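# Report on the structure
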Amino acid sequence: MARGGKKICWLAALLCAASTGCAETVEQKKARLLAPATSFSSAEPFEAFQGGSGSNQTRFDANAFSLPSAALTFEQRADFFVGNGVFDRPWVEAPASTIGSDGLGPLYNARSCQGCHIKDGRGHPPEPDDTNLVSMVFGLSGPSGKPDPTFGKQLQDKAITGMASEGSVGVQYENQLFTYSDGTSVLLRRPAYQTDAALAKGVSLNPRIAPPMIGLGLIEAIDPADIRALEDPDDATGNGISGRAHILSNGDLGRFGWKATSATIRDQTAAAFSNDIGLSTGLLTNPWGDCTTHQRTCRDAPHGDVDGFTEVTDELLDLVVFYSANLAVPARRDFDDPDVLAGKQIFYDVGCASCHHPKFATSASAAPEQRNQLIWPYSDFLLHDLGPDLADTNPTGDIPPGEWRTAPLWGIGLTKTVNGHTYFLHDGRARSLEEAILWHGGEALTSRDAFAASPKTDRAALIRFLESL
């Protein structure tokens, strides 16, 4: 295995096809490496390196999600760490002497990117009777999918000095018992949210915990055609799974966010600056963020673009985008352990791999540090209906309430190590990987039922496999 910015050796095998000494073409070799696993007695080639040559192989502690891709050059690492500083920067109210860091709000959810993406990892919901949302936000949508006419796209629970926030949200949980075919049971929890915000009639709260940041540049480097090749919107295969790509209004493929609402890291980052922190960028130039025309006090409040520049300059946005694109995916642990391999076979047998598509090859036209990589995100990046139990009350734009982008699974086994909890799914209701599986319905119901009908030892092996990712 080569390090320090060099490509992992499987690519050399691919390129070898250009010489007369290779029997296979590049496309044939690529197809062989990307073929679904059929044998589970040993690991697949390069399976340990989930993030290709950039995989983090050195640290699996609380900072495991915060390391630069090993494929970066020395100069790029400098940009990465400067971007990290901007990502961590606490923004302040305007006007301030630190004009490069002012413009917070006037309404907001967090003062920094790191405030939600704690240690670049997974957010969590508030505890019962707690209104401190920390790393969770609430989108707002009505029956037609449009934002709240007064509060906009997202409820902001914080405000600058002298202003009132839009409101607070609390959560209570109702217990729900799930019983396996062998008689053992698991207590699930269903969240119920309450807010003191005067939302318009029919507008719902759409809970979202902050997702992990690792591997975003590799996801962006996947050729859209490779993702769209996995579509089956009409279930032509008859397997009950009808994943579809989310095509945005400009024709781009949505691939980021819980609902695949952003096509690029830059778009997603600009939206977060605007909605979460109330900062303007070259893409979303309003210095008042998500405040609507009904919120005059917010729009008239001091902001930080009085010097003729947006609050987040293009240079700062570039640095945050570069940082976000190059957070390393951790290498696998115990990937060749017999119990893990047994769990991997069960993962395939019960149908999890139908949506959590194991691997892709990144595009040859991507940035040098991301191109031509064999990666293992365990997602097809398509929208799937996961049933009424996980559905929002209302659509998000043009996306139905029950449809969700398949969440990547790489790094999921390090959640507790990095973030100190094991809360999963879009709203953090699942307190374990087992609970997350049991909440799956809709297109995933057959797989969920197959998991539930498996012997306890098989269920444990599947969890063991997930913990190795």
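That block above? That's the structure.
Just so it is clear, the model here is predicted, and its values are computed rather than measured.

Our focus in this paragraph is the overall build of the protein chain. A tally of regular secondary structure across the protein chain gives 13 helices and 13 strands. For the protein chain, the C-alpha radius of gyration of 22 Å lies close to 23 Å, the compact-globule estimate for 469 residues. Referenced to the eigenvectors of the C-alpha coordinate spread, the extents of the protein chain come out at roughly 70 × 55 × 40 Å. Sequence separation of at least 24 residues holds for 69% of the intrachain contacts in the protein chain that already meet a minimum separation of 6. Split by element, the accessible area of the protein chain, about 19,400 Å² in all, is 54% carbon and sulfur. Charged side chains in the protein chain number 39 positive and 57 negative. The centres of these two groups are separated by 3 Å.

Taken together, the three strands give an open sheet; going across it, the order is β3-β2-β7, and neighbouring strands pair in antiparallel fashion. Both outer strands of the open sheet, β3 (154-155) and β7 (204-209), are each paired with one neighbouring strand and no more.

On to the pairing of β7. Residues in a regular strand point their side chains to alternate faces of the sheet. Taken across its six residues, β7 has six buried, putting it largely inside the fold. The side-chain alternation of β7 yields two buried faces, one formed by Ser 204, Asn 206 and Arg 208 and the other by Leu 205, Pro 207 and Ile 209. In this sheet, β7 lies alongside strand β2 (residues 136-141) in antiparallel orientation, the contact comprising six bridges. Paired with Ser 141 across the two strands is Ser 204, which belongs to β7.

Let's shift gears to the nonpolar core. Counting residues in each nonpolar core, the largest one holds 50 residues, and the members touching the most others are Phe 347, Leu 462 and Leu 466. If you list the elements that add at least two residues to this core, you get β2, β5 (169-179), β6 (185-195), β7, α9 (338-349), α11 (433-438), α12 (445-453) and α13 (456-467). Sorting elements by how many residues they give to this core places α13 first, with five residues. Excluding residues that lie within four positions of it along the chain, Leu 462 makes contacts with Gly 343, Ile 346, Phe 347, Val 350, Cys 352, Ile 437 and Phe 451. Counting 49 residues, the second largest nonpolar core, distinct from the first, contains Ile 214, Ile 227, Trp 288 and Val 312.

Relative to the helices and strands, Ile 160 is located in the loop between β4 (158-159) and β5. Remark: the alpha-carbon pair of Ile 160 and Leu 104, spanning 56 residues in sequence, is separated by 7.5 Å. Beyond its immediate sequence surroundings of up to four residues, Ile 160 is in contact with Glu 93, Leu 104, Gly 105, Pro 106, Tyr 108 and Ala 301.

We now examine the state of the cysteines. Enumeration over the complete set of coordinates arrives at one disulfide. Between the sulfur of Cys 291 and that of Cys 298 lies a disulfide, 1.8 Å long from S to S. Every disulfide takes its handedness from the sign of the S-S torsion; for Cys 291 and Cys 298 that torsion is 65°, giving right-handed. Across the pair, exposure class does not vary: Cys 291 and Cys 298 are buried alike. Cys 113 carries a free sulfur, and the closest cysteine sulfur to it, the one in Cys 116, is 8.7 Å from it. Looking at the unpaired Cys 355, the closest cysteine sulfur is the one in Cys 352, lying at 8.9 Å.

Applying the stated criterion across every chain, the model contains 18 salt bridges. The salt bridge partner of Arg 208 is Asp 392, with a shortest N-O separation of 2.7 Å. With a gap of 184 residues between them, Arg 208 in strand β7 and Asp 392 in the loop between β12 (383-385) and β13 (403-405) connect regions that are remote in the sequence. In this pair, the class of Arg 208 matches that of Asp 392, namely buried. We note a salt bridge from Asp 318 to Arg 266, for which the minimum N-O separation is 2.5 Å. With Asp 318 in helix α8 (residues 314-325) and Arg 266 in helix α6 (residues 265-277), this residue pair connects regions lying 52 residues apart in the sequence. Residues participating in the shared-partner salt-bridge network are Glu 44, Glu 47, Arg 332, Lys 344 and Lys 359.

The rules behind each value
Residues numbered from 1 in each chain as written. Predicted model: local features only at pLDDT ≥ 70, side-chain atom pairs only at ≥ 80, totals over all residues. Heavy atoms only, no water. Helix = DSSP H or I, 4+ residues; strand = E, 2+ residues; numbered from the N terminus. Rg over C-alpha atoms; globule rule 2.2 N^0.38 Å. Contact = heavy atoms within 4.5 Å. Areas by Shrake-Rupley, 256 points an atom, 1.4 Å probe, with all protein chains shown as cover. Lys, Arg positive; Asp, Glu negative; His and termini not counted. Charge placed at Lys NZ, Arg CZ, Asp CG, Glu CD. Pairing = 2+ DSSP bridges. Buried < 20%, exposed > 50% of the residue type's maximum accessible area, 1.4 Å probe, protein only. Core = buried A, V, L, I, M, F, W, Y, C linked by side-chain atoms within 4.5 Å. Disulfide = S-S within 2.5 Å. Salt bridge = Lys/Arg side-chain N within 4 Å of Asp/Glu carboxyl O.

Scope: geometric values only; no functional claims are made or implied.
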